[in-house]
Amino acid sequence: MRIKVKLLHEGVHSGDASGIVPSTFRIMRQLLDRIEDSKTGQVLVKELFAEIPDEHLQFARDTANTLNDELITAYPFVDGGKPVDGSFEELQLNRTWRPTVSYTGISGIPDCAIAGNVLRAETTMNLSVRLPPALKSAVAAKALTSVLTADPPYGAEVTCEVHKGLNGWAMPELAPWLKHSISRSSDAYFKKPARMMGEGGSIPLCRC
């Protein structure tokens, strides 16, 4: 999703206009606060959530108990860097069944090396929103657009464009014979119980 905030027809000198003309970046911050808690990363739009089946809750619990800190060490944190939660089970649910917002691009802001004292006319950001696998992307796009464009601060022009929306997929409950076969195969080859693990991604890994 691409969100654009525009307040001026052209940029003006910040020394002259600041204090009178609001910053479009600050307006953008206010809009983003509508959809995500900036302290916790929790998504605030209820339409972006889906009920987690009991079986998938157990999958997440089992996988978290097996992987433990591999859920964290798999990523290149800086020294002292921490994940959003200390519970491995919650981290696994976060990355599979709970919505998240990532900010993947920004335009309208010059590079620091060439930036001047300008109050810019507009700010644009790209948002990548991972959805629960049982939620239709069209439903999420409609809800996000409604929340972001309603009653914009300072009467700014706010537009949202959805460039690509993909529906997820959740594995149905396994037939008893298949569950038994998977378990036996894992025990025989890995000497460990089988685990089920979800993955968020924009590449169509599975279609049905």
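Described below are features of the structure shown in this document. Since the model is a prediction, treat every value here as computed from it, not as a measurement.

Remarks on the packing of aromatic side chains
Applying the stated criterion to the full structure yields one aromatic pair. Between Tyr 189 and Phe 190 the ring centres are 4.9 Å apart and the planes differ by 80°, which places this aromatic pair in the edge-to-face class. With relative accessibility at 67%, the residue Tyr 189 sits in the exposed group.

What about helix α2 (residues 24-32)?
Working note: α-helix, 3.6 residues per turn, so residues spaced by three or four point in the same direction. Along α2, the positions that sit buried rather than exposed are Thr 24, Ile 27, Met 28, Leu 31 and Leu 32. The arc that holds the buried residues of α2, viewed along the axis, is 135°, so those residues lie on one side. On its buried side, α2 packs onto β1 (2-6), β3 (100-107), β5 (122-130), α6 (137-149) and β6 (157-161). Its side-chain oxygen 3.1 Å from the backbone nitrogen of Phe 25, Ser 23 forms the N-cap of α2.

Let's talk about the nonpolar core
Among the nonpolar cores identified, the biggest contains 23 residues, and Ile 3, Ile 35 and Leu 48 are the most heavily contacted of them. Those residues in contact with Ile 35 that sit more than four places away from it in its chain are Gln 42, Val 43, Leu 44, Val 45, Val 101, Leu 127, Leu 144, Val 147 and Leu 148. One finds Leu 8, Ala 17, Val 21 and Ala 121 within the second-largest nonpolar core, a separate group that totals five residues.

Comments concerning the pattern of salt bridges
Scanning the model with the defined rule gives five salt bridges in all. We note a salt bridge from Lys 46 to Glu 47, for which the minimum N-O separation is 3.1 Å. Judged by relative accessible area, Lys 46 falls into the exposed class, the value being 63%. Among the residues examined, Glu 47 registers a relative accessible area of 35% and is labelled partly exposed. Here Lys 179 ties to Glu 55 by a salt bridge, and the two come within 3.7 Å at their closest N and O atoms. Taken together, the residues Lys 179 in helix α7 (residues 176-189) and Glu 55 in helix α3 (residues 54-67) connect sequence positions 124 residues apart. Since its relative accessible area comes to 40%, Lys 179 is described here as partly exposed.

Comments concerning α6
The terminal C-alpha atoms of α6 lie 18 Å apart, and with 13 residues this matches the ideal 18 Å at 1.5 Å per residue to within 8%. For α6, every residue scored as buried is listed here: Ser 137, Ala 140, Ala 141, Ala 143, Leu 144 and Leu 148. One side of α6 carries all its buried residues, which in axial view fall inside an arc of 170°. Exposed positions of α6 whose direction lies more than 90 degrees from the buried face are Ala 138 and Lys 142. Each element contacted by the buried residues of α6 is listed here: β1, α2, β5 and β6.

Concerning unusual backbone geometry
Trans is the prevailing form of peptide bonds, just as negative phi is the prevailing case for residues other than glycine. Although it is not a glycine, Asn 68 adopts a positive phi angle of roughly 50°. For Asn 68, the position within the fold is in the loop between α3 and α4 (70-73). You will see that Tyr 154, though not glycine, has its phi angle at about 60°, which is positive. Its location among the elements puts Tyr 154 in the loop between α6 and β6.

Quick word on the pairing of β5
Where β1 and β5 come together, five bridges link them in antiparallel fashion. Pairing of Ile 3 across the sheet is with Met 125, part of β5. Pairing analysis gives seven bridges linking β3 to β5, with the strands arranged antiparallel. Considered in β5, the bridge of Val 101 is made with Val 129.

Rules used throughout
- Residues numbered from 1 in each chain as written.
- Predicted model: local features only at pLDDT ≥ 70, side-chain atom pairs only at ≥ 80, totals over all residues.
- Heavy atoms only, no water.
- Phe/Tyr/Trp six-rings, centres within 6.5 Å; stacked < 30°, edge-to-face > 60°.
- Buried < 20%, exposed > 50% of the residue type's maximum accessible area, 1.4 Å probe, protein only.
- Helix = DSSP H or I, 4+ residues; strand = E, 2+ residues; numbered from the N terminus.
- Arc of directions from axis to C-beta.
- Contact = heavy atoms within 4.5 Å.
- Polar contact = N/O pair within 3.5 Å; in protein donor to acceptor, adjacent residues only side chain to side chain.
- Core = buried A, V, L, I, M, F, W, Y, C linked by side-chain atoms within 4.5 Å.
- Salt bridge = Lys/Arg side-chain N within 4 Å of Asp/Glu carboxyl O.
- Expected span 1.5 Å × (residues − 1).
- Pairing = 2+ DSSP bridges.

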